[in-house]
Amino acid sequence: MSTNAFSLPSDTALTALLQPQDGAFTPIEGLRRLCDAGLDQLPLPGHGATLLRWQMLAAIAAIDLSLLKLYEGHTDALAILAELDGSCMPAGGSWGVWCADLPDARLRLRQMADGRRVLDGRKAWCAGAHGLSHALISCRSDDHQACLACVALSQPGVHVTDEGWQAVGMRACASVDVTFSAARAFPVGAPGAYLNRPGYWHGSAGIAAAWYGAACAIASHLHARAQRAAPDPVRLAQLGQIDCALRAAGALLREGAAEIDAHPQRDAMALALRLRLAVEDAATLVLHLATRALGAGPLCRDAHFARLAADLPVFLRQSHAERDQAVLGGIVAGAEAHPWML
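Note that the coordinates shown come from a computational prediction; the quantities given were computed from them, not determined experimentally.

Enquirer: Run through helix 4 (residues 65-83), naming residues and quoting values.
Expert: Between its terminal C-alpha atoms helix 4 stretches 26 Å, which fits the 27 Å expected from 19 residues at 1.5 Å a residue. For helix 4, the buried fraction is high: 15 of the 19 residues fall into the buried class. The N-capping residue of helix 4, defined by a side-chain oxygen 3.0 Å from the backbone nitrogen of serine 66, is aspartate 64. Positive backbone phi, approximately 55°, marks aspartate 85, located one or two places after helix 4.

Enquirer: Which residues make up the side chain of histidine 134, and what values do they have?
Expert: For histidine 134, the position within the fold is in strand 4 (residues 134-141). The class for histidine 134 is buried, based on a relative accessible area of 14%. Polar contacts involving the side chain of histidine 134 include one to the side chain of serine 133, which spans 2.9 Å. When neighbours within four sequence positions are excluded, histidine 134 is seen to be in contact with Pro90, Ser94, Trp95, Gly96, Cys150, Val151, Ala152 and Leu153.

Enquirer: Let's hear about the packing of helix 6 (residues 199-228) against helix 10 (residues 303-316): which residues, and what values?
Expert: It is the contact of helix 6 with helix 10, at a shortest axis distance of 10 Å, that shows an interaxial angle of 150°. Relative to helix 10, the crossing made by helix 6 is left-handed. Between helix 6 and helix 10, the contacting residues are Ala210, Trp211, Ala214, Ala215, Ala217, Ile218 and His221 on the first element and His304, Phe305, Leu308, Ala309, Leu312, Phe315 and Leu316 on the second. Looking at the contact of helix 6 with helix 10 residue by residue, the class counts come to 12 nonpolar, two polar and no charged.

So, how was this worked out
Residues numbered from 1 in each chain as written. Predicted model: local features only at pLDDT ≥ 70, side-chain atom pairs only at ≥ 80, totals over all residues. Heavy atoms only, no water. Helix = DSSP H or I, 4+ residues; strand = E, 2+ residues; numbered from the N terminus. Expected span 1.5 Å × (residues − 1). Buried < 20%, exposed > 50% of the residue type's maximum accessible area, 1.4 Å probe, protein only. Polar contact = N/O pair within 3.5 Å; in protein donor to acceptor, adjacent residues only side chain to side chain. Contact = heavy atoms within 4.5 Å. Axes fitted to C-alpha atoms, helices over the stretch in contact; angles between N-to-C directions. Left-handed = near helix turned anticlockwise from the far one by under 90°. Nonpolar A, V, L, I, M, F, W, Y, C, P; charged D, E, K, R; others polar.

Shown next as structure tokens:
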């Protein structure tokens, strides 16, 4: 895609597009509206407009994180297909990327005598499974190699359960378990290509932009209160602390997007971990300070704020926390000189 083909909609236009009708709104309906409007055709990461891609993820996250979960999965699938030459895959539809592997929920990709590939087993955390048309799914081949496969979800061999998701936060994304029984599948890329491609870490870094967008939306409620209420030194101090955290995280995201565009084939593991960890810390601080500053009112009486406050802690747990810190620390320790000079 040309880096000039996508235009970021205004907040007003995006809100109007996603306005619930008859009081009902589901993330899958929101995803369909975004696709119908062409707003899923984001610039590919590493193609000169990565920041624009991340700005759109942040804008959707500020509205609804369950919608963002489906939107990010769909747009990530399109980027993966483009990177791994998935041009033979069916066009259109709505896509998910289901690549979480649990010890008791794994898939086997078998090759049949007639050459067809089929999937068997169970997959956990399949966001949007009840409404999507296709998914890219991680699996293991007969010789135990890590593979990625495309699956149409409407076929008889796919069964979407109601199991596997008990959280109140992010409930609307319906991230349930799905079982597969000789479901027709099509390999995407060579074995191992999904994890080894440069775009794996580009996509991982993009999640930080979503966390950032949600944190900004939460902070905006405190900003609005500070504008219309009598000056409160404690509340202003909390707002000042939030400003420092978000500006630092935003600067790091912009720097990271520019680095990915300048060096699209470079290993971006350290960059992605740094962005995710820094934005996770900022978002956690924003949620802590904003809820303390605003009190119970918006948590109980403002549907948008309450939903973000419930969803964000769950979504942030896509981070591996101290494990990711240890990996990043190992990378830094392996550098010849410290990397922190101005």
